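Overview (structure and organization)
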Amino acid sequence: QVQLVESGGGLVQPGGSLRLSCAASGFTFSSYAMSWYRQAPGKERELVARITSAGAVTNYGDSVKGRFTISRDNAKNTVYLQMNSLKPEDTAVYYCKASWVFAYWGQGTQVTVSS
């Protein structure tokens, strides 16, 4: 049974930091590229960051470049998103996605940036 379980979301003040985690099971994690997406109310889901299967290449959405960092630990079947200098416009539900032969999505974790 494939599972992607996100954690680490919450309420944070502008300028603060959060670290999201996505724990994977039920598939060969190390073969899959992993991504973080987000969706704010009334907006389309957008790509935040992506990392290749071995972690050699990362890509970021323009709005988060220089502030967010994606990483993975294939020994722990986990992908992370370190979010620094958070802004109110980063408020959204954050989803992790595994991509290769198939695509799998997590259930999402809420991030709210507000004073």
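That block above? That's the structure.
Residues numbered from 1 in each chain as written. Predicted model: local features only at pLDDT ≥ 70, side-chain atom pairs only at ≥ 80, totals over all residues. Heavy atoms only, no water.

1. Examining the overall build of the chain
Counting its regular elements, the chain contains zero helices and eleven strands. Counting from the amino terminus, the chain carries its helices and strands in the arrangement β-β-β-β-β-β-β-β-β-β-β. Relative to its length of 115 residues, the chain is compact, with a C-alpha radius of gyration of 13 Å against a globular reference of 13 Å. Projected onto its principal axes, the C-alpha coordinates of the chain cover approximately 40 × 25 × 25 Å. A burial count over the chain gives 41% of its 115 residues as buried. (Helix = DSSP H or I, 4+ residues; strand = E, 2+ residues; numbered from the N terminus. Rg over C-alpha atoms; globule rule 2.2 N^0.38 Å. Buried < 20%, exposed > 50% of the residue type's maximum accessible area, 1.4 Å probe, protein only.)

2. Overview of the pattern of salt bridges
Counted by the stated rule, this structure contains four salt bridges. Residues Arg67 and Asp90 are paired through a salt bridge, measuring 2.8 Å at the closest nitrogen-oxygen approach. Of the two residues, Arg67 sits in the loop between strand E6 (58-60) and strand E7 (68-73) while Asp90 sits in the loop between strand E8 (78-83) and strand E9 (92-99), which places them 23 residues apart along the sequence. Neither Arg67 nor Asp90 differs from the other in exposure class; each is buried. A single salt-bridge network, built from bridges that share partners, covers Arg38, Glu46, Arg67 and Asp90. (Salt bridge = Lys/Arg side-chain N within 4 Å of Asp/Glu carboxyl O.)

3. Looking at the side chain of Ser35
In this structure, Ser35 sits in strand E4 (residues 33-39). Residue Ser35 is classed as buried on the basis of its relative accessible area of 3%. The contacts of Ser35, once residues within four sequence positions are left out, are Leu47, Ala49, Arg50, Ile70, Tyr95, Cys96 and Lys97. (Contact = heavy atoms within 4.5 Å.)

4. With respect to unusual backbone geometry
The backbone of Asn77 shows a phi angle near 55°, a positive value even though the residue is not glycine. Relative to the helices and strands, Asn77 is located in the loop between E7 and E8. On the accessibility criterion, Asn77 (27% relative accessible area) is partly exposed. The phi torsion at Ser85 lies on the positive side, around 50°, for a residue other than glycine. Mapped onto the secondary structure, Ser85 falls in the loop between E8 and E9.

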